[in-house]
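# Tertiary structure, described
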Amino acid sequence: MEPRPAAPRPRLCDSLGADQTPSASTLNAARAEARPAGRRAPAVAAVLPAGGSGERMGVPTPKQFCPVLERPLISYTLQALERVCWIKDIVVAVTGENMEAMKCIIQKYQHQRISLVEAGVTRHRSIFNGLKALAEDQPDSKLSKPEVVIIHDAVRPFVEEDVLLKVVTAAKEYGAAGAIRPLVSTVISPSADGCLDHSLERARHRASEMPQAFLFDVIYEAYQQCSDYDLEFGTECLQLALKYGHIKAKLVEGSPDLWKVTYKRDLYAAESIIKERISQHICLVMDTKDENHVGHRLEEVLKDALNHVKVTSRLPCHTGRDLDQIMSEQCYSYVCVNVMTSDFEEIRKLVDMLEESNLSILYPVVVISVYFLDYKSVPFDQKMENLMQIREYAKEVKKRNILLCGLLIYYPQDEQKLQESLRQGATIIATLIKERNSGLVGQLLVA
Ligand SMILES: Nc1ccn([C@@H]2O[C@H](COP(=O)(O)OP(=O)(O)OP(=O)(O)O)[C@@H](O)[C@H]2O)c(=O)n1
Ligand SMILES: O=C(CO)[C@H](O)[C@H](O)COP(=O)(O)O
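Cut-offs and rules
- Residues numbered from 1 in each chain as written.
- Chains lettered and ligands numbered in written order.
- Predicted model: local features only at pLDDT ≥ 70, side-chain atom pairs only at ≥ 80, totals over all residues.
- Heavy atoms only, no water.
- UniProt positions renumbered as here; feature names shortened; annotations may be inferred.
- Near = heavy atom within 4 Å.
- Polar contact = N/O pair within 3.5 Å; in protein donor to acceptor, adjacent residues only side chain to side chain.
- Areas by Shrake-Rupley, 256 points an atom, 1.4 Å probe, with all protein chains shown as cover.
- 1 Å grid on protein atoms, 1.4 Å probe; cavity = no way out; pocket = protein on both sides within 12 Å on 5 of 7 lines; lining within 4 Å.
- Sits in = over half its atoms within 2 Å of the grid points.
- Nonpolar A, V, L, I, M, F, W, Y, C, P; charged D, E, K, R; others polar.
- Salt bridge = Lys/Arg side-chain N within 4 Å of Asp/Glu carboxyl O.
- Helix = DSSP H or I, 4+ residues; strand = E, 2+ residues; numbered from the N terminus.
- Buried < 20%, exposed > 50% of the residue type's maximum accessible area, 1.4 Å probe, protein only.
- Pairing = 2+ DSSP bridges.
- Axes fitted to C-alpha atoms, helices over the stretch in contact; angles between N-to-C directions.
- Contact = heavy atoms within 4.5 Å.

Looking at an unreviewed UniProt entry, one finds the protein chain named D-ribitol-5-phosphate cytidylyltransferase, with Panthera pardus as its source organism. According to UniProt, the comment filed for the protein chain under the heading Subcellular location (unreviewed entry) is "Cytoplasm, Cytosol". Checking UniProt for the protein chain, the heading Pathway (unreviewed entry) contains the comment "Protein modification; protein glycosylation."

Here it is, written out as structure tokens:
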């Protein structure tokens, strides 16, 4: 199953308690075999190099600041790390010219436990600056030296707690550890004339990915000893630990999502992954308890059409207190089925609750207001006049990252035609949720 998207606020702390280090129970539960029970949990910090210019991306904005669903990429990586409450400090290396932008990102998305340092001209120099900030000998530093330090690229947003735990646990035991993946292509070595010299046996090699973790003293001493050449041209921190600390890093199998956003296409891939993750749960808010009403048939058709998605239904906001519960489970998609009314009262209540929940700070929340087009109940022109107000209201709530659209479902007497309308309605709902297209905000679609 796909992992859930990162929570807006760190949730794991609740189960770990106030202590900011991994408790013995958590570590042991996850890695009983790797870490003998009863040993003290290490103090852990993370360094994120974020000072590159993203040349290979080919856009003027450094890739870590490129928007993905209108939020800078680096914010996703920070979110992924800060929800791991046993990581005490997160040190981010950014260039002087991006320092203010970075501070704004931290404030806007309410990131926590972040300290900023000036980046260097190469990735190794940026990491070294981050490590220096964590070292004991820094005057006036609020940071304390950790036992283990994680190094993770700011442009790898999908890092999960389990792999962080694995590299930290292995670093404590071996001194250094890093995530690896099987090679996608074979690595070959060309000769000076541009011809094949030899090729490496693919099965015997691995791609080195991030995160990596080190005993702090091991990697800090390695950086202190390393040459200008290493700092200028090196690409591998594990190699520095080997060369200067004689530490053979433990290699840990990582997930495919650990890849580094490097080219423009990677931004599209990242966006697709995020959209898919936040579209796995849909909440239907019904304004009728009547089991025979067509609203419930829409729910059935939707469940059939989206059989991999969790669909839950609730009564309206004023009676259904458990909507709070759904929001706390990070549900980012709501379908309000208005059977009894053609006004926006219920939508307004739902939007207010969403705002209070802070859900839309991190991800766009989709709200679809569904109305049944039953010519008999209210004169059509009067109903339309009411519904057209959605445009203005949707514009207003878009500012809060809530994407509101209306959907009219044709409700004829003929059973077959009704079934077709419901199916079309379900397809439109599924598309709006999956695509989260802000261009459709305020539109009244017809099924
Ligand atoms: N002087 C540098 C160069 C790179 N990085 C960071 O190191 C990570 C991985 O590097 P890479 O993918 O090479 O990033 P860029 O150098 O920005 O990309 P490119 O090589 O395409 O220019 C990124 O988070 C990048 O911001 C850094 O902190 N300081
Ligand atoms: O994978 C890595 C280390 O093993 C790093 O992400 C990689 O070294 C970044 O370097 P580059 O700038 O060359 O992409």
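Now that the structure has been shown, the text picks up again.
## A closer look at the site of ligand 1
Around ligand 1 lies a shell of 19 residues, among which G51, E55, K63, S126 and K260 are the nearest. Between ligand 1 and G51, the relevant distance is 2.7 Å, taken from an oxygen atom to a main-chain nitrogen or oxygen of the residue. When the free accessible area of ligand 1 is taken as 560 Å², the share hidden by the protein chains comes to 88%. Given that more than half its atoms are within 2 Å of the pocket grid, ligand 1 belongs to the largest pocket. In terms of residue class, the shell around ligand 1 is built from five nonpolar, eight polar and six charged.

## Comments concerning the pattern of salt bridges
Enumeration over the complete set of coordinates arrives at 24 salt bridges. Here the salt bridges do not stand alone but share partners, grouping R83, E160, D257 and R277 into one network.

## Overview of the side chain of S75
Positionally, S75 belongs in helix α3 (residues 73–82). On the basis of relative accessible area, S75 is assigned to the buried category, the value being 0%. There is a polar contact of 2.8 Å between the side chain of S75 and the side chain of H111.

## Concerning the sheet that holds strand β13 (residues 310–314)
The strand order across the open sheet built from six strands is β13-β12-β14-β15-β16-β17, with neighbouring strands paired in parallel fashion. Of all the strands in the sheet, the pair left with one neighbour each is β13 and β17 (444–446). Neighbouring strand axes in the sheet, compared pairwise and without regard to direction, differ in orientation by 25 degrees on average. Of the strand pairs in this sheet, strand β12 (residues 281–286) and β13 are connected by five bridges, and their pairing is parallel. Bridge pairing in β13 places H281 opposite K310. Against the sheet, helix α11 (residues 294–305) engages β12, β13, β14 (333–338), β15 (365–373) and β16 (402–410), with an angle of about 170 degrees to β12.

## Regarding the sheet that holds strand β7 (residues 176–182)
As summarised here, the arrangement of the seven strands in space is β5-β4-β1-β6-β10-β7-β11, forming an open sheet in which the pairing is mixed. Edge positions in the open sheet fall to β5 (114–118) and β11 (250–253), since each of these has one partner strand only. Neighbour to neighbour, the strand axes of the sheet diverge by 25 degrees on average, direction disregarded. Here β7 runs beside β11; their pairing, made up of four bridges, is parallel. Its bridge partner being in β11, G178 is matched across the sheet by L251. On top of the sheet, helix α5 (residues 123–134) reaches β1 (44–49), β4 (87–94), β5, β6 (148–151) and β10 (206–215); it is set at about 150 degrees to β1, its chief contact.

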